[in-house]
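Residue-level structural notes
Residues per chain are reported as follows:
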Amino acid sequence: MQNQNPMPSTSWLSMTRKTLGLASCLLACWTVTTGAQAALPIQHWTQANGARIYLVESHAIPMVDVQIDIDAGSRRDPSAQAGLASVMAGQMGNGIRAEPQGQGHYPMAMDENQIGEAWADLGASLGISASGDRLSFGLRSLSFADLLDKAVALAARQMAHPAFPEAMWLRDRERFGAAIRESLTKPGTVVQHRFAQAVFGSHPYGQRTTPETLSRIGVQDLHKLHAQSLRACRATVSVVGALTRAQTDALVQRLLAQWPRDAGCQSLPPVPEVAPLTAAQNLNLPFDSAQAHVLMGQPGYKRSDPDFFPLLVGNHILGGGGFVSRLTEQVREKRGLSYSVYSAFSPGLHAGAFTVGLQTRPDQAAQAVAVAQEVVQGFVREGPTEAELRAAKSNLVGGFALRIDSNRKLLDNVANIAWNRLPLDYLSGWTRQIERVTAADIQRAMARVLQPERMVTVVVGGQP
């Protein structure tokens, strides 16, 4: 008797994976030759269910990438259950409940091994993660109709009907708790935790998952958060691939069809803003380590800040440009105090941290901190030189193509536009925005956002 559901042959799976690899290669070549000008028409519309869709059609390769974002990140975790959103996202791959009507490509209940095998058979994948601001689902598949149809069906089931088996969560909870305890024996983890606590205070951005917060999370909490979070009216869907607008609209409808339906879309409760620091704070924590780990900074700015581009260029000059930055020149090149030193902004829905980070010998930690502080103070006070500004602009504009040289990077950019409600021509105008930045713009923006006299400095493993 003929098998009604034959497993794909090894040669077919190999061909699928080779096609995916070839597709990624072709996209990289296409982006380098045409993407530098960022002539990427983004189509945007809103479905009747409220889902907001952003599409970039790319028919050169048979691939589709989809990202669904909803406002259910860790900033909404109860403080006593820090880590809840990330736990839920991770547990959604451990099982799927059966379809009551027994319809569709995947009607039966599936455990984690069966889910993994099903995705491998399709040569496709579904990633689920939670960041500080959002819960994200990422689907990747070849665009061949038979494969994509099954990938969409499996993704829709996994998103809407996770089983959250209790035995799996109890197993993972013990494992995660042990991993956290082990990580706290490392100076890099300790300095990050103390820095976040000092910068953000009671704001959710400063919450950290601990064995204690994990112990307060049960499977009933996962079911409750899942039921509350998934609403099509709150979904932002970004799509890059070989689909037309009509095909994309139908695909998104199928992906979200099993999500809970509400008569209306109620607003989520507001999350408070990050409070500014009122005074400098210096923490020197003893730790037996070969290197002292140093983090210095404060709350920075939100992604919606109108000075985003001056701050981007300014940070590139200060410490985000690698070996051509001021911090590297002063801390590494002139004084040899650290192999690497950097600065970074992490803007989100709220003000993310501005961070200066380095590692150095314990006996040099005080000197390295003093030099880094002096560099930041001078840059905030005076801004960049014209030579530094020209070099930064050339580096950023020249490297723009590398920001969109793969399907993944292109999707990340489209999702950034979608999530932050940026103009649809944001990518095509990116290099022009960089070119418009002046030294005065940078000095003004940095002086407004940064207060060097009120920064947090955490040193783990330095000499007292």
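Residues numbered from 1 in each chain as written. Predicted model: local features only at pLDDT ≥ 70, side-chain atom pairs only at ≥ 80, totals over all residues. Heavy atoms only, no water.

Let's talk about the environment of arginine 408
One can find arginine 408 in helix α14 (residues 407-419). In the structure, arginine 408 is positioned 131 residues away from leucine 277 in sequence and 37 Å away in space, judged by C-alpha atoms. A polar contact of 2.8 Å, which involves the side chain of arginine 408, links it to the side chain of aspartate 412. (Helix = DSSP H or I, 4+ residues; strand = E, 2+ residues; numbered from the N terminus. Polar contact = N/O pair within 3.5 Å; in protein donor to acceptor, adjacent residues only side chain to side chain.)

Details of the sheet that holds strand β3 (residues 63-70)
Taking strand neighbours across the sheet as the criterion, the six strands line up as β1-β2-β8-β3-β7-β6 in an open arrangement whose pairing is mixed. Both edges of this open sheet fall to β1 (43-46) and β6 (125-130), since each of them pairs with a single strand only. Each neighbouring strand pair of the sheet contributes to a mean axis angle of 15°, computed without reference to strand direction. Taken strand by strand, helix α9 (residues 245-256) contacts β1, β2 (52-57), β3, β7 (135-142) and β8 (236-241), and its axis lies near 135° from that of β2. (Pairing = 2+ DSSP bridges. Axes fitted to C-alpha atoms, helices over the stretch in contact; angles between N-to-C directions. Contact = heavy atoms within 4.5 Å.)

Digging into the side chain of histidine 193
Topologically, histidine 193 is positioned in helix α6 (residues 187-200). Setting aside anything within four residues of it in sequence, one finds histidine 193 in contact with Leu184 and Arg208.

Brief notes about the environment of aspartate 288
Within the secondary structure, aspartate 288 sits in the loop between β9 (281-285) and β10 (292-299). The class of aspartate 288 is exposed, set by a relative accessible area of 79%. Taking the C-alpha atoms as reference, aspartate 288 lies 53 Å from isoleucine 42; in sequence the two are 246 residues apart. (Buried < 20%, exposed > 50% of the residue type's maximum accessible area, 1.4 Å probe, protein only.)

Notes on the side chain of arginine 326
Within the fold, arginine 326 resides in helix α11 (residues 326-333). Judged by its relative accessible area of 15%, arginine 326 is buried.

Some thoughts on the packing of helix α2 (residues 84-91) against helix α8 (residues 219-229)
Helix packing geometry: the angle between the two helix axes and the distance between the axes. Contact geometry for α2 and α8: axes closest at 10 Å, N-to-C directions at 90°. On the basis of the axis angle, α2 is roughly perpendicular to α8. The segment α2 lies against α8, with Leu84, Ala85, Val87, Met88 and Gln91 engaging Asp221, Leu222, Leu225 and His226. Its residues assigned to classes, the contact of α2 with α8 shows six nonpolar, two polar and one charged. (Parallel < 35°, antiparallel > 145°, perpendicular 65-115°, else oblique. Nonpolar A, V, L, I, M, F, W, Y, C, P; charged D, E, K, R; others polar.)

Notes on the packing of α11 against helix α12 (residues 365-382)
Two elements in contact, α11 and α12, have axes separated by 10 Å at closest approach and are oriented at 150°. Classified by the interaxial angle, the pair formed by α11 and α12 is roughly antiparallel. For the pair α11 and α12, the sense of crossing is right-handed. Side by side, α11 and α12 meet where Arg326, Leu327, Gln330 and Val331 of the first sit next to Val371, Ala372, Val375, Gly378 and Phe379 of the second. Here the contact of α11 with α12 is composed, by residue class, of six nonpolar, two polar and one charged. (Left-handed = near helix turned anticlockwise from the far one by under 90°.)

Points about empty space enclosed by the protein
A probe as big as a water molecule, rolled over the atoms, marks out the empty space that is left. Under the criterion given, the structure shown has one cavity of 30 Å³ or more. Estimated volume of the largest cavity: approximately 30 Å³. Class assignment of the residues belonging to the lining of the largest cavity gives a composition of eight nonpolar, no polar and no charged. (1 Å grid on protein atoms, 1.4 Å probe; cavity = no way out; pocket = protein on both sides within 12 Å on 5 of 7 lines; lining within 4 Å. Points joined across faces, edges and corners; volume = space filled by probe spheres on them.)

A short note on the pattern of salt bridges
On inspection of all chains with the given rule, the structure shows 21 salt bridges. Salt-bridge contacts for arginine 448 lead to aspartate 305; the nearest nitrogen and oxygen are separated by 2.7 Å. In this pair, arginine 448 sits in helix α16 (residues 439-449) while aspartate 305 sits in the loop between β10 and α10 (308-320), placing the two residues 143 residues apart along the sequence. Given a relative accessible area of 43%, arginine 448 falls into the partly exposed group. Judged by relative accessible area, which is 13%, aspartate 305 ranks as buried. Overlapping salt bridges, with partners in common, bring together Asp305, Asp307, Asp441, Arg444 and Arg448 in one network. (Salt bridge = Lys/Arg side-chain N within 4 Å of Asp/Glu carboxyl O.)

Quick look at the environment of valine 294
One can find valine 294 in strand β10. For valine 294, a relative accessible area of 5% puts it in the buried group. Linking valine 294 and tryptophan 419, residues 125 residues apart in sequence, is a C-alpha distance of 32 Å.

Digging into the layout of surface pockets
Its volume calculated, the second largest pocket comes out at about 350 Å³. The wall of the second largest pocket is formed by 18 residues, among which Arg76, Pro78, Leu225, Gln228 and Ser229 lie closest to the centre. Put simply, the parts of the chain that give the lining of the second largest pocket at least two residues each are α2 and α8. It is α8 that provides the largest number of residues to the lining of the second largest pocket, a total of five residues. Here the lining of the second largest pocket is composed, by residue class, of eight nonpolar, four polar and six charged.

Digging into the sheet that holds β9
Reading across the sheet, the five strands line up as β9-β13-β10-β12-β11 and stay open at both edges, with mixed pairing between neighbours. Both outer strands of the open sheet, β9 and β11 (341-345), are each paired with one neighbouring strand and no more. Averaged over all adjacent pairs, the angle separating strand axes in this sheet is 10°, with direction ignored. In the sheet, β9 pairs with strand β13 (residues 456-460) via five bridges, with the strands oriented parallel.

Description of the packing of aromatic side chains
Overall, the coordinates contain 10 aromatic pairs when judged by the stated rule. Look at tyrosine 301 and phenylalanine 308: their rings are 6.4 Å apart centre to centre, the planes differ by 70°, and that puts the pair in the edge-to-face class. By the burial criterion, tyrosine 301 is buried, and phenylalanine 308 matches it. When the centroid spacing of 4.9 Å and the interplanar angle of 45° are considered together, the rings of phenylalanine 345 and phenylalanine 354 count as tilted. Residue phenylalanine 345 shares its accessibility class with phenylalanine 354, and that shared class is buried. An aromatic cluster is present here, built from Tyr301, Phe308, Phe309, Phe345, Phe354, Phe400, Tyr426 and Trp430 joined pairwise through their rings. Positioned over the ring face of phenylalanine 308 is arginine 303, at 3.6 Å from the centre of the ring. One cation-aromatic arrangement involves arginine 332 over tyrosine 339; the distance from NZ or CZ to the ring centre is 4.7 Å. (Phe/Tyr/Trp six-rings, centres within 6.5 Å; stacked < 30°, edge-to-face > 60°. Lys NZ or Arg CZ within 6 Å of the ring centre and 35° of its normal.)

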